[in-house]
Amino acid sequence: KTDGTLWAWGSNIRGTLGQNQAPAQLTGMSSPVQIPGTTWNTARDTMGAGVNRIQAIKTDGTLWYWGYGGYGSMGNNITATSYYSSPTQLPGTSTWSNIAVSNYFTMLTRTDNTLWGMGYGGYGTLGHGGTAATPGVSSPIQIPGTTWATGEGKLTNGNSSTLAIKTDGTLWSWGWNYFGCLGLNVAGNHPAGSVSSPIQIPGTWDKVSMMNYTAIATKTDGTLWTWGYNAHGQIGNNQSTVQYSSPVQIPGTDWTKIGSIQYSNFAIKRV
């Protein structure tokens, strides 16, 4: 809410609702229940959800987590399967800015424009040149560079892939290139096409969003582009069978907001 409180409802598997319940009491909620705390950041991209886990940033830049902590995805130096039924702070005083959470890994930016990853690193998902899969990377590890952009739409990830924009508007991708979702004009599949360090996608970009194996992005000129998996028509070009390994433009030059969920993409035009 605008008062900095955080609310949740639905499934409570592995403590995802943050109500500090014992394992035997992890029942779902059909109406909003408050998560402890009153200083949760209300800005876009300061909270993320993976497989039965939540990670969120407060207004003071601290990072908090609850739910399932497998593969070291919580960043708390624990790689064993673990569960947290109430918000727990990640140790340290780092000031975090934005977060992208997906499956069993997490990517984050700090206010100093550095980029960090933790959790499952198979297929190069953490972008640091390594491929740590099991048990994963259990504390934040830095991706090279100090000019990663912060703010809405600058960082996103899919099942095992990440896309991030730098302060100069360049777009970079790494991880699993399933169905060409990295936008590198290579239709790679497992195990071919995995990239363990950031590679640039041509162009000057404003916002990017990804879900599963499809990406959608806007350029600074207001054009809209999509690429990757397209079995459900999520590329938006009146096709549902052709996959695209490099960005494909959607008609129009006045796109401003984008979003993704499962096998669907969404965009808003300027009024």
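Higher on the page you've got the structure.
Not measured: the values here are computed from a predicted model.

## Focus on the overall build of the chain
Here comes step 1: Helix and strand content of the chain: 0 helices and 20 strands.
Here comes step 2: For 271 residues, the compact-globule estimate of 2.2 N^0.38 gives 18 Å, and the C-alpha radius of gyration of the chain, at 18 Å, lies within 12% of that figure.
Here comes step 3: With respect to the principal axes defined by its C-alpha atoms, the chain has extents near 50 × 45 × 35 Å.
Here comes step 4: Within the chain, the proportion of its 271 residues that are buried is 52%.
Here comes step 5: Of the contacts formed within the chain by residues at least 6 apart in sequence, a portion of 51% connects residues at least 24 apart.
Here comes step 6: Surface exposure of the chain reaches about 11,500 Å², of which carbon and sulfur atoms provide 52%.
Here comes step 7: In the chain, which carries 13 positive and 9 negative side-chain charges, the distance between the mean positions of the two groups comes to 5 Å.

## Here's the deal with the pattern of salt bridges
Here comes step 1: Scanning the model with the defined rule gives 5 salt bridges in all.
Here comes step 2: The closest approach of N and O atoms between Asp206 and Lys154, which form a salt bridge, is 3.4 Å. Note that Asp206 is positioned in strand S15 (residues 205-211) and Lys154 in the loop between strand S10 (137-143) and strand S11 (155-157), a separation of 52 residues in sequence.
Here comes step 3: Residues Lys207 and Asp206 are paired through a salt bridge, measuring 3.0 Å at the closest nitrogen-oxygen approach.
Here comes step 4: Taking relative accessible area as the criterion, Lys207 reaches 13% and is therefore assigned buried.
Here comes step 5: Judged by its relative accessible area of 23%, Asp206 is partly exposed.
Here comes step 6: The network of salt bridges with shared partners includes Arg44, Asp45, Glu152 and Lys257.

## Observations regarding the nonpolar core
Here comes step 1: The biggest cluster of nonpolar side chains holds 30 residues, and the ones touching the most others in it are Met107, Leu115, Leu163, Leu171, Trp174, Trp205 and Trp227.
Here comes step 2: Judged by nonpolar contacts, the second largest core, of 21 residues, contains Ile35, Trp40, Trp66 and Trp116.

## Points about the pairing of strand S16 (residues 214-219)
Here comes step 1: Extensive coverage of S16 is indicated by the burial of 6 of its 6 residues.
Here comes step 2: Burial along S16 is two-sided: Thr214, Ile216 and Thr218 and Ala215, Ala217 and Lys219, pointing in opposite directions, are all buried.
Here comes step 3: Here 6 bridges tie S15 to S16, and the two strands are oriented antiparallel to one another. Across the sheet, the residue bridging to Val208 is Ala217, located in S16.
Here comes step 4: Between S15 and S16, which pair antiparallel and follow one another directly, the connecting turn spans 2 residues, one of which, Asn212, has a positive phi of 55°.

## A closer look at the packing of aromatic side chains
Here comes step 1: This model, assessed by the stated rule, comprises 19 aromatic pairs.
Here comes step 2: Judged by centre distance (4.6 Å) and plane angle (80°), the rings of Tyr178 and Tyr213 are edge-to-face. Residue Tyr178 is found in the loop between strand S13 (171-175) and strand S14 (195-201), and its partner Tyr213 is found in the loop between S15 and S16; the two are separated by 35 residues along the sequence.
Here comes step 3: Cluster of aromatic residues (ring-pair linked, three or more members): Tyr68, Tyr71, Tyr83, Tyr104, Tyr120, Tyr123, Trp176, Tyr178, Phe179, Tyr213, Tyr229 and Tyr263.
Here comes step 4: The residue whose ring lies beneath Arg110 is Trp116, and the NZ or CZ to ring-centre distance is 3.9 Å.

## Describing the sheet that holds strand S6 (residues 83-89)
Here comes step 1: Pairing is antiparallel across the open sheet formed by 4 strands, whose spatial order is S3-S4-S5-S6. Each edge of the sheet is formed by a strand with only one pairing partner; in this case those strands are strand S3 (47-49) and S6. Direction aside, neighbouring strands of the sheet carry axes that sit 5° apart on average.
Here comes step 2: Pairing between strand S4 (residues 53-57) and strand S5 (residues 63-68): 5 bridges, direction antiparallel. From the neighbouring strand, Gln55 faces S5, where its bridge partner is Tyr65.

So, how was this worked out
Residues numbered from 1 in each chain as written. Predicted model: local features only at pLDDT ≥ 70, side-chain atom pairs only at ≥ 80, totals over all residues. Heavy atoms only, no water. Helix = DSSP H or I, 4+ residues; strand = E, 2+ residues; numbered from the N terminus. Rg over C-alpha atoms; globule rule 2.2 N^0.38 Å. Buried < 20%, exposed > 50% of the residue type's maximum accessible area, 1.4 Å probe, protein only. Contact = heavy atoms within 4.5 Å. Areas by Shrake-Rupley, 256 points an atom, 1.4 Å probe, with all protein chains shown as cover. Lys, Arg positive; Asp, Glu negative; His and termini not counted. Charge placed at Lys NZ, Arg CZ, Asp CG, Glu CD. Salt bridge = Lys/Arg side-chain N within 4 Å of Asp/Glu carboxyl O. Core = buried A, V, L, I, M, F, W, Y, C linked by side-chain atoms within 4.5 Å. Pairing = 2+ DSSP bridges. Phe/Tyr/Trp six-rings, centres within 6.5 Å; stacked < 30°, edge-to-face > 60°. Lys NZ or Arg CZ within 6 Å of the ring centre and 35° of its normal. Axes fitted to C-alpha atoms, helices over the stretch in contact; angles between N-to-C directions.

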